[in-house]
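The lines below spell out each chain.
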Amino acid sequence: MSSCETKTWLVLSLVLLVANQNIVLGEPQVPGLFIFGDSLSDNGNNNNLATNAKSNFQPYGIDFPGGPTGRFTNGRTIIDIISQFLGFKDFIPPFANTRGSDILKGVNYASGAGGIRTETGGHRGEHVSLGLQLLNHRAIVSQIAFKLGGLEKAMQYLSNCLYYVQIGNNDYLNNYFIPEYYPTSTIYSPEQYAEALIDELAMNLMALQGLGARKFVLVGLGRIGCIPILFSKNYGSCFEAANDAALMFSEKLKSLVDQFNNKSSTDSKFIFLNSTSSALRNTVGFKDSTTACCASGPYGECIPDQTPCSNRRDYLFYDQSHTSEDYNILTALVFYNSSYPDSTYPMNIKNFVEQEIKMEPEFMKEFTSQPSRLYGDE
């Protein structure tokens, strides 16, 4: 290892240690956090579905305080860590387990194998596509309106909440690039497919705007062609066709942020987070970036009850499709507080929240003083 690499690894180790042990939890910086996505963000929505895209068993959650919960990693997900940076004391609950939760703080709708397109991931079994996640959110908005005493107050409250959207991976991995199940690669060129995905995503984002959403965080795709399950199938190298397709989608997603931000007819604000930024592509701190920490099955998930590697901090990937908690910490740090110009656009989450979210005591008092009427509470 060169002196430059050694220095990078030492800095990374220090950053991960500080982030992991010294997250300061105080008053949340946003009123609520609503999460839409796939297995990178799922924290239990697939647990009771008829699907093989599940992770509510050991060795998942081996480093998570609650053990296996439905998170597809050894510990926290990226958005778990971001929520801690935002000051939330508790993790945002999955939609499937919101009864009794304070839904004003937010809900996680993400579903493993889910995508932007309805059919994506269908060969894995039941899942919740982005469109269905919006239907679930509509039900939650109704509950919030009931709690706050009317739709107008709910819209005012929700307009200052943060909406985190990280989806699209499965539209490639569990759709476009498996022609034995889906015809999309014979219908669309990669350019046409990315355009179709962005158009459908934009429609869903506009539907969210109709439900009061105004502050959006949109996450681009990573180098999906380099995940271990594809790396091994491609005889020890990245599947560059998938990387190129994902990059095309992400570039169009960044342009979509500009399109939305430039519309004078709405007060919505959007930022883009780049999963392939220079800050995230330097993986020298991880001794293994091509294989999984756990023994994995045919779809890339860990085999139930198998003992994973003991040196988990050395691994970029926990299973053959999902990153380890340590890499999730690094990603969350970059997304939340990066000064790298190619990492966040037009700003990072911290600056976005500081500039766009209204958290004055007078604003919050109006809502926190409302009587509790959550899911059967009297």
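What you see is a predicted model, and the numbers here were worked out from it, not measured in a lab.

Caption draft 1: Layout of the sheet that holds strand β4 (residues 269-273). Taken in spatial order, the five strands line up as β1-β2-β3-β4-β7 in an open sheet, and their pairing is mixed. Only two strands of the sheet have a single neighbouring strand rather than two, namely β1 (33-37) and β7 (344-345). Note: β1 against strand β2 (residues 162-166), five bridges, orientation parallel. Note that in β2 the partner of Ile-35 across the bridge is Tyr-164. Here helix α9 (residues 240-261) sits on the sheet and contacts β3 (215-219), β4 and β7; the angle it forms with β4, its principal contact strand, is near 160 degrees.

Caption draft 2: Layout of the pattern of salt bridges. Within this structure, the stated rule accounts for eleven salt bridges. Among the ionic pairs, Asp-80 bridges to Arg-71, the shortest N-O distance being 2.6 Å. The exposure classification of Asp-80 matches that of Arg-71, with both residues buried. The closest approach of N and O atoms between Arg-313 and Asp-326, which form a salt bridge, is 2.7 Å. Here the residue Arg-313 occupies a position in the loop between β5 (288-292) and β6 (315-317), and Asp-326 occupies one in helix α11 (residues 325-337), the gap between them amounting to 13 residues. On the accessibility criterion, Arg-313 (42% relative accessible area) is partly exposed. If you follow the salt bridges from partner to partner, you end up with Glu-191, Glu-195 and Lys-252 in one network.

What counts and what doesn't
Residues numbered from 1 in each chain as written. Predicted model: local features only at pLDDT ≥ 70, side-chain atom pairs only at ≥ 80, totals over all residues. Heavy atoms only, no water. Pairing = 2+ DSSP bridges. Helix = DSSP H or I, 4+ residues; strand = E, 2+ residues; numbered from the N terminus. Contact = heavy atoms within 4.5 Å. Axes fitted to C-alpha atoms, helices over the stretch in contact; angles between N-to-C directions. Salt bridge = Lys/Arg side-chain N within 4 Å of Asp/Glu carboxyl O. Buried < 20%, exposed > 50% of the residue type's maximum accessible area, 1.4 Å probe, protein only.

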